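Breakdown of the fold
Listed here are the chains, written in short residue letters.
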Amino acid sequence: MNTAPVDPQEFSPWSFWRDADSERQEAQRRRLRALVDGRADRELGAQCFVSDLASVDHDVLRLGDRTYIAAGAYLTGELVTGADCSINAYTVIRGRVTLGDAVRIGAHTSILGFNHSMEPGTPVFRQPLTAQGITIGDDVWIGSHVVILDGVTVGSHSVLAAGAVVTKDVPAGAIVGGNPAKFIRWRVEPASGPASVAAAGLAERVAQFGARARGEAAAILDRTWNEERMLFADRPGAAPTVRAQADAIEIADLLLGAVPPQRQRSEHIALLQGWQNAETGAVAPLGPDGRQLEGLDFSHDDVAYHVLSVGYALELLGSEFPAMLTWVTDATPQRVVDLCESLPWDSDAWTSGHHVDAFGTALLWEKSAGAAVLAGVEEALFGWLLLNADPHTGMWGSATPDRGLLPIVNGFYRASRGTFAQFGVSVPHPERVVDTVLRHAREPRWFSPGARDACNVLDIVHPLWLTRGTGHRAAEVQELATSLLSDALRTWVPDAGFSFREPSPVSQGLVATEPGLQGTEMWLAIVWYLSDLLGISDAVGYRPRGVHRPEPAAGLGRTRGLDEAPRGGAGMA
């Protein structure tokens, strides 16, 4: 008699591929191979787990990536699941059942995609079986001891409370419970009216917003101009910054089609160019006294971002950096690989994406200016990103225990913006990107009303816009875009613009909820991208042209003709 204790991961396998030793992992791989060998009707995704103590006897079995079947489960018939599904201990799934992505099934639940006839005069065991099948959408939480009967469709984002007996269809986003299960409340409220009607109403609101923003742009610039320093600050009372000058230039270009009137165009150019280090090309941040800090290079977060903000501001002004960006001109393919490898993707994917964005943009400026960039540098950057994109998420790096998907989604936006989007190259695994973004967008810590900020919203909106050509989960993308756009339009403050973070009773008094240049510049771009996802961007009356422009950069890879004067600056031969 075997008296060895049962491995707890047979019942709770969620951390198996992270924590199990190599011997147990190899034993699991053998079990998975045994399930599919010689069976064309069976297919298992990456990092699945099927307990040795589960009974799996399917005619058809297809499990998506990272789907788990715990001990005691009893499975027969035809089961097809999406990614990230969990089938807990003692769950019964029989008949024809289809699960979407991220379906969580509690213990002792029965999902029965078949039934017996029960006509009188014939014993039940002799009655023929009927099978309509059960379909369950994405992101559904099914509590313990739930029963779902044949023929039911469960909509995405719904919740089936523990003990529910589900005998009829469940609308998307509903929470149901009881026997028989009845509607309790909405987890995700449905959109009101047909999508076309909602879009038409939003288009009118967007047009009114665009007109108002253009009419109040001058007041926003006046409000943030520091007369004493002759510089822009993000908001009244704040110290002037390099970024604030660039944000002011972007806002003026976007809404007024002109430069900020506080300076002449030539003066704006001279100011920005004068901040660039002639030896390295770096633009250091300003200290409290208004002077630039010394001894900083491109590894500093602000210096890296100034490649974007100052570079695009100069482009909008019809100019460019006067000195070479040595971060790129001194680069070799191996140095690019070393840079990518040195970034903290697993612990801080946002910072990693931030620096890839900046390096990609520095590469853009140097190639557009006709500078000598070593052969293979561009290929090394894109090659590393292509080879290291996670095929399960479509992104780089790892989720973290404290912030979930936030770092990798935000890092993906930054890294893809400065490379794939800016260079006009298709991103790898675009449908997985959509899946990851939509899953992340359901996280209330970042996306409930009052918790949203410009960074987190832009970092989901741009990837959805960038991958829109796939058509993957388009209805969900439009539903999300409609909700975000409607809420964003309400947060404009007259003559002050947008705050970085949405104002709410919870966030009242926070500096991030004060209107400023950064929040205004970012939310203006967000409004355009959301409108474009809904097909109503023409109503906005503007189109981003700076850091957040939708088109790939013009002139990429162009070399100067013999009649063009080279750019001046340190390091020129």
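Residues numbered from 1 in each chain as written. Predicted model: local features only at pLDDT ≥ 70, side-chain atom pairs only at ≥ 80, totals over all residues. Heavy atoms only, no water.

1. Focus on the sheet that holds strand 18 (residues 174–177)
For clarity, the threshold we go by: A pair of strands is considered paired only if DSSP assigns at least 2 bridges between the two. Helix and strand assignments come from DSSP, with helices taken as H or I runs of at least 4 residues and strands as E runs of at least 2, each series counted from the N terminus.
Strand order in the open sheet made by the eight strands is 2-4-6-8-13-16-18-19, with mixed pairing throughout. Bordering the open sheet on either side are strand 2 (49–50) and strand 19 (182–186), each of which pairs with just one other strand.

2. A word on the pattern of salt bridges
Side chains carrying opposite charge are able to pair once their charged atoms draw close together. Applied cut-off: Salt bridge, as used here: a side-chain nitrogen of Lys or Arg that lies within 4 Å of a carboxyl oxygen of Asp or Glu. Each residue is placed in one exposure class: buried if its accessible area under a 1.4 Å probe, protein chains only, is under 20% of its type's maximum, exposed if it is over 50%, and partly exposed if it falls in between.
Inspection of the entire model under this criterion finds 30 salt bridges. The closest approach of N and O atoms between Asp 7 and Arg 24, which form a salt bridge, is 2.5 Å. Taken as a pair, Asp 7 in the segment before helix 1 (16–19) and Arg 24 in helix 2 (residues 22–36) lie far apart in primary sequence, 17 residues in all. Judged by relative accessible area, Asp 7 falls into the partly exposed class, the value being 22%. Ionic pairing is found between Arg 543 and Glu 551, a salt bridge with its closest N-O pair at 2.5 Å. Here Glu 551 falls in the partly exposed class, since its relative accessible area comes to 34%.

3. Concerning the pairing of strand 5 (residues 74–80)
For strand 3 (residues 55–63) and strand 5, the ladder comprises seven bridges, and the chain directions are parallel. Each residue of the ladder has a partner; that of Ser 55, found in strand 5, is Tyr 74. Here strand 5 runs beside strand 7 (residues 92–99); their pairing, made up of five bridges, is parallel. Each residue of the ladder has a partner; that of Tyr 74, found in strand 7, is Val 92.

4. Here's the deal with the packing of helix 15 (residues 474–489) against helix 16 (residues 517–533)
Just so we agree on the cut-off: Helix axes use the C-alpha atoms of the stretch in contact, all axes being lines fitted to C-alpha atoms, and the angles between their N-to-C directions lie in the range 0 to 180 degrees. The hand of a helix crossing depends on one turn: near helix anticlockwise from the far one by less than a right angle means left-handed, and clockwise means right-handed. Residue contacts are counted whenever heavy atoms from the two residues lie within 4.5 Å of one another. Basically, the charged four are Asp, Glu, Lys and Arg, the nonpolar ten are Ala, Val, Leu, Ile, Met, Phe, Trp, Tyr, Cys and Pro, and anything else, Gly included, counts as polar.
Where helix 15 meets helix 16, the closest approach of the two axes is 9 Å, and the angle between their N-to-C directions is 145°. Of the two possible hands of crossing, helix 15 and helix 16 adopt the one that is left-handed. Of the residues in helix 16, those touching helix 15 at Val 477, Gln 478, Ala 481, Leu 484, Leu 485, Ala 488 and Leu 489 are Trp 523, Val 527, Leu 530, Ser 531 and Leu 533. Classifying every residue of the contact of helix 15 with helix 16 gives 10 nonpolar, two polar and no charged.

5. Digging into the pairing of strand 3
Both strand 1 (residues 42–44) and strand 3 contribute to a ladder of three bridges, which runs parallel. Residue pairing across strands places Leu 44 opposite Leu 63, the latter belonging to strand 3.

6. A few points about unusual backbone geometry
A cis amide bond links Asn 179 to the next residue, Pro 180, at an omega of -5°. Tracing the backbone through its elements, the reader meets Pro 180 in the loop between strand 18 and strand 19. In this model, His 108 sits at a positive phi of 65°, which is unusual for a non-glycine residue. Relative to the helices and strands, His 108 resides in the loop between strand 8 (104–105) and strand 9 (110–113).

7. What to know about the environment of Leu 317
As for its placement among the helices and strands, Leu 317 is situated in the loop between helix 6 (301–316) and helix 7 (326–329). The exposure class of Leu 317 is buried, given its relative accessible area of 4%. Placed 64 residues apart in sequence, Leu 317 and Asp 253 show a C-alpha to C-alpha distance of 8.9 Å.

8. Considerations on the confidence of the model for the protein
In plain terms, the rule: pLDDT runs from 0 to 100 and stands for how confident the predictor is about each residue.
With 93% of its residues at a pLDDT of at least 70, the protein reaches an overall mean of 89. Highest mean pLDDT in the protein belongs to helix 4 (residues 242–256) (98); lowest belongs to strand 11 (residues 129–130) (71). Confidence drops under pLDDT 50 across residues 192–197; counting only partners more than four residues distant or on other chains, this segment forms one contact. In the predicted structure, residues 555–573 sits below a pLDDT of 50 and forms 38 contacts with residues beyond four places in sequence or in another chain.

9. Focus: the nonpolar core
Threshold: For our purposes a nonpolar core is just a set of buried Ala, Val, Leu, Ile, Met, Phe, Trp, Tyr and Cys residues, chained together by side-chain atoms within 4.5 Å.
Core analysis: the largest hydrophobic core is formed by 116 residues, its most contacted members being Phe 209, Phe 359, Trp 396, Ile 460, Leu 485, Leu 524 and Tyr 542. Apart from residues lying up to four places away in sequence, Phe 359 is in contact with Trp 327, Val 328, Ala 331, Val 336, Leu 339, Val 377 and Leu 381. Counting residues in hydrophobic clusters, the runner-up holds 40 residues, among them Tyr 68, Ile 93, Val 146 and Val 154.

10. Here's the deal with the packing of helix 14 (residues 454–466) against helix 15
The geometry of helix 14 relative to helix 15 is characterised by a closest axis approach of 12 Å and an angle of 140° between their N-to-C directions. In the packing of helix 14 onto helix 15, the handedness of the crossing is left-handed. In contact with Val 457, Ile 460, Val 461 and Leu 464 of helix 14, helix 15 contributes Val 477, Leu 480 and Leu 484. Of the residues in the contact of helix 14 with helix 15, the class split is seven nonpolar, no polar and no charged.

11. Digging into the environment of Val 154
Mapped onto the elements, Val 154 comes out in strand 15 (residues 153–154). The spacing of Val 154 and Asp 402 is 248 residues in sequence and 31 Å in space, taken between C-alpha atoms. Beyond its immediate stretch of four places on either side in the chain, Val 154 contacts Thr 135, Ile 136, Gly 137, Val 140, Leu 160 and Val 170.

12. Observations concerning the packing of aromatic side chains
The condition is simple: Pairing of aromatic side chains here covers Phe, Tyr and the six-membered ring of Trp, requires ring centres within 6.5 Å, and sorts the geometry by plane angle: under 30 degrees stacked, over 60 edge-to-face, intermediate tilted.
Applying the stated rule across the entire model yields 22 aromatic pairs. For the pair Trp 396 and Phe 412, a centre-to-centre distance of 5.3 Å together with 20° between the ring planes defines the contact as stacked. In this pair, Trp 396 is assigned in the loop between helix 10 (377–388) and helix 11 (406–423) and Phe 412 in helix 11, connecting sequence segments 16 residues apart. Residue class for Phe 412 comes out buried when judged on its relative accessible area of 0%.

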